[in-house]
Amino acid sequence: MPASVNRERLLKTIDDYARIGATDSGGVTRLALSEDDGRARERFAGDVTGAGLELSADDFGNMVARREGSEVLAPIQIGSHLDTVRRGGRFDGALGVLGGLEVIRAFNDAGITTRHPVDLINWTNEEGVRFEPAMMGSGVACGVFDREWACDRTDLDGVRLGDELRRIGFQGERNNRPPTGAAYLELHIEQGPVLDDADIPVGIVEGIVGITWINVRILGQADHAGPSPMALRRDALAAAAEIILVVEHLASESGPPVVGTVGRFDLEPNIINTIPSQVEMSVDFRHRDAEGLKRLVDRLIESADEIETRRGVDIQLERFWTSPPTAFDARIVDAVALAADAVGAQSRRLWSGAGHDAKYAAEMTPTGMIFVRSRGGLSHCEQEFSESDDIVAGVATLLQTVFALDASLDSIVT
Ligand code: HGY
Ligand code: MN
Ligand code: MN
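Only a predicted model underlies this, so the values are computations on that prediction, with no experimental measurement involved. (Residues numbered from 1 in each chain as written. Chains lettered and ligands numbered in written order. Predicted model: local features only at pLDDT ≥ 70, side-chain atom pairs only at ≥ 80, totals over all residues. Heavy atoms only, no water.)

S.K.: Residues and numbers for the domain arrangement of the protein, please.
M.R.: Per the domain assignment, the segments of the protein are domain 1 (7-208 + 325-408) and domain 2 (210-323). Once you take the C-alpha centre of each, domain 1 and domain 2 turn out to be 33 Å apart. Taking both sides of the interface into account, the surface hidden between domain 1 and domain 2 amounts to around 1,100 Å²; carbon and sulfur atoms contribute 62%. The largest share of the area that domain 1 buries against domain 2 comes from E132, P325 and W351, three residues that together contribute 43% of it. There are 1 salt bridge connecting domain 1 and domain 2. Put simply, R264 and E132 hold a salt bridge, and the shortest N to O gap is 2.7 Å. Remark: the boundary between domain 1 and domain 2 carries 3 residue pairs in polar contact (both at pLDDT 80 or more). By residue class, the composition of the side of domain 1 that touches domain 2 is 9 nonpolar, 3 polar and 4 charged. (Domains from an automatic or database assignment. Buried area = accessible area lost by both parts, 1.4 Å probe. Salt bridge = Lys/Arg side-chain N within 4 Å of Asp/Glu carboxyl O. Polar contact = N/O pair within 3.5 Å; in protein donor to acceptor, adjacent residues only side chain to side chain. Nonpolar A, V, L, I, M, F, W, Y, C, P; charged D, E, K, R; others polar.)

Structure (structure tokens):
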């Protein structure tokens, strides 16, 4: 392999981006289309043009930086995201974008011109935290989400996604949307304990579990906390507490890797001497099997009906997003495994419990992912951490995979 990862440059670049939206406890908050996301995008634009790439933005703000190849072929795409969750870590998403930038820089250093063009993509709003649901940029690009519907999504302050996209200056043209590629690769931290428990630095990702997000609204009756007899109350928060324990029970009794989480929660009027009248909260279920995911939702609906009747509250469930389980293209998965071996990175195969843009990229392009070990399996928190050696091993695997696919892959699309 005539090109190699420049460890110092890679780690410095990751550090530089971690300063954009840095929190006071070593984490990062760069919510989609916020000022800080805009600053990271500006930085990325400077870095990719500085590396000689041709940058464009599509009509949903997805940024595509093109390194021309020697032949007219579909591009090999490397992508991930620069937006983060609130008080998240410096590696979730950024590792894939900046690892891809390092691959480009390594090819430049070595004077290598690949046969295929290489596209480096920063997808808009992967996290789905400020604007739900997740993976919206890749979802719009592959046609799963209608662009207008996505632009009309609002944050908790009622701000429209489409207005923010224009405000930060990254609304481009529809014909700049990433095309069907010859291959799509995403380097990402595992965000779970599998590699850390096995003491293995690199993961060969075989697929992504199914995900479904549900919005739950519970309407009860506000009343005085003093004179109101317990038997007459229609307490929205007490009903929510039962629902939360049902979510936990349904996921726990199904066993790993099934999970269920109530992450977002809002309470009205949220004052000490009034019985809660309204709760709005989220449910996130994940399952390797689409039928299993549906069973979880069906059981939740049954329980909600029973709680609603018994407590005299109104419970509204809106299942607003489902991402079916996705197995990656075996040819790409095998190419990643061979590359890890070729660079001497110890690896094992696994599925991803986290969602990634690779899921929607896989709708259009033969796709694979590379994982880097997460210390303690932690992510979506300021303690998120990966060792430098593991990061370099992950990027070296990415570099080798691109190099090998470029030589071996007869593009299916020109
Ligand atoms: O929700 C997820 O799995 C991803 O981090 N957006
Ligand atoms: Mn991510
Ligand atoms: Mn994430």
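S.K.: So, the site of ligand 1: which residues are in play, and what are the values?
M.R.: Neighbouring ligand 1 are the residues E126, E127, A134, W213, R286, A354, G355 and H380. At 2.7 Å from an oxygen atom of ligand 1 is found a side-chain nitrogen or oxygen belonging to R286. The separation between an oxygen atom of ligand 1 and a polar main-chain atom of G355 is 2.7 Å. Relative to its free-state accessible area of 220 Å², ligand 1 is covered by the protein chains to the extent of 94%. Across the shell around ligand 1, the residue classes tally to 3 nonpolar, 2 polar and 3 charged. (Near = heavy atom within 4 Å. Areas by Shrake-Rupley, 256 points an atom, 1.4 Å probe, with all protein chains shown as cover.)

S.K.: Outline the coordination of the manganese ion (ligand 2), supporting the account with residue identities and numerical values.
M.R.: The manganese ion (ligand 2) binds to the protein through H81 (NE2), D92 (OD) and H188 (NE2), with metal-donor distances spanning 2.1 to 2.3 Å. Between the donor residues of the manganese ion (ligand 2), the gaps in sequence give the motif H-x10-D-x95-H. (Donors = N, O, S within 2.8 Å, 3.2 Å for Na, K, Ca; no water.)

S.K.: Give me the nonpolar core: which residues, what numbers.
M.R.: Formed by 94 residues in total, the largest nonpolar core has its most connected members in F44, W321, I391, L398, V402 and L405. There are two domains that each give this core at least three residues, and those are domain 1 (7-208 + 325-408) and domain 2 (210-323). When neighbours within four sequence positions are excluded, F44 is seen to be in contact with Y17, M63, L82, V97, L120 and N122. (Core = buried A, V, L, I, M, F, W, Y, C linked by side-chain atoms within 4.5 Å. Buried < 20%, exposed > 50% of the residue type's maximum accessible area, 1.4 Å probe, protein only. Contact = heavy atoms within 4.5 Å.)

S.K.: I'd like to hear about the coordination of the manganese ion (ligand 3), residue by residue, with values.
M.R.: In the first shell of the manganese ion (ligand 3), the protein supplies D92 (OD), E127 (OE), E127 (OE) and H380 (NE2), at 2.2 to 2.5 Å from the metal. Read N to C, the donor residues that coordinate the manganese ion (ligand 3) are spaced as D-x34-E-x252-H. In this structure the manganese ion (ligand 2) is found 3.4 Å away from the manganese ion (ligand 3), and D92 serves as a bridging donor for the pair. Of this pair, D92 sits in the loop between β3 (76-81) and α3 (94-110) while E127 sits in the loop between β4 (118-123) and α4 (136-141); the two residues are 35 residues apart in sequence, bridging distant segments of the chain. Judged by relative accessible area, which is 7%, E127 ranks as buried. (Helix = DSSP H or I, 4+ residues; strand = E, 2+ residues; numbered from the N terminus.)

S.K.: Please give an account of the pairing of strand β5 (residues 183-189) that cites residues and values.
M.R.: Within β5, 7 of the 7 residues are buried, leaving the element largely enclosed by the surrounding structure. Side chains A183, L185, L187 and I189 project from β5 onto one buried face, and the interleaved Y184, E186 and H188 project onto a second face that is buried too. In this structure, β3 lies alongside β5, joined through 3 bridges in parallel fashion. Residue I78 lies in a different strand from β5, and its bridge partner there is L185. Where β5 lies against strand β16 (residues 367-372), 6 bridges are found, and the strand directions are parallel. Across the sheet, residue Y184 finds its bridge partner in β16, namely T367. (Pairing = 2+ DSSP bridges.)

S.K.: Please set out the packing of aromatic side chains residue by residue, giving values where relevant.
M.R.: Per the counting criterion, the structure on display carries 6 aromatic pairs. Between W123 and Y184, the aromatic rings sit 6.2 Å apart at their centres with planes inclined by 50°, giving tilted as the arrangement. Placement of the pair is W123 in strand β4 and Y184 in strand β5, with a sequence separation of 61 residues. W123 gets classed as buried once you look at its relative accessible area, which sits at 2%. Lying over the aromatic face of F170, R41 brings its terminal NZ or CZ to 5.1 Å of the ring centre. Just above the ring of W351 sits the side chain of R288; from NZ or CZ to the centre is 3.9 Å. (Phe/Tyr/Trp six-rings, centres within 6.5 Å; stacked < 30°, edge-to-face > 60°. Lys NZ or Arg CZ within 6 Å of the ring centre and 35° of its normal.)

S.K.: Account for the pairing of β16, with residues named and values stated.
M.R.: For a regular strand, side chains alternate in direction, first toward one face of the sheet and then toward the other. Judged by how many residues are buried, β16 sits mostly within the fold: 6 of 6 residues are covered. With burial as the criterion, each face of β16 is covered, one bearing T367, M369 and F371 and the other bearing G368, I370 and V372.

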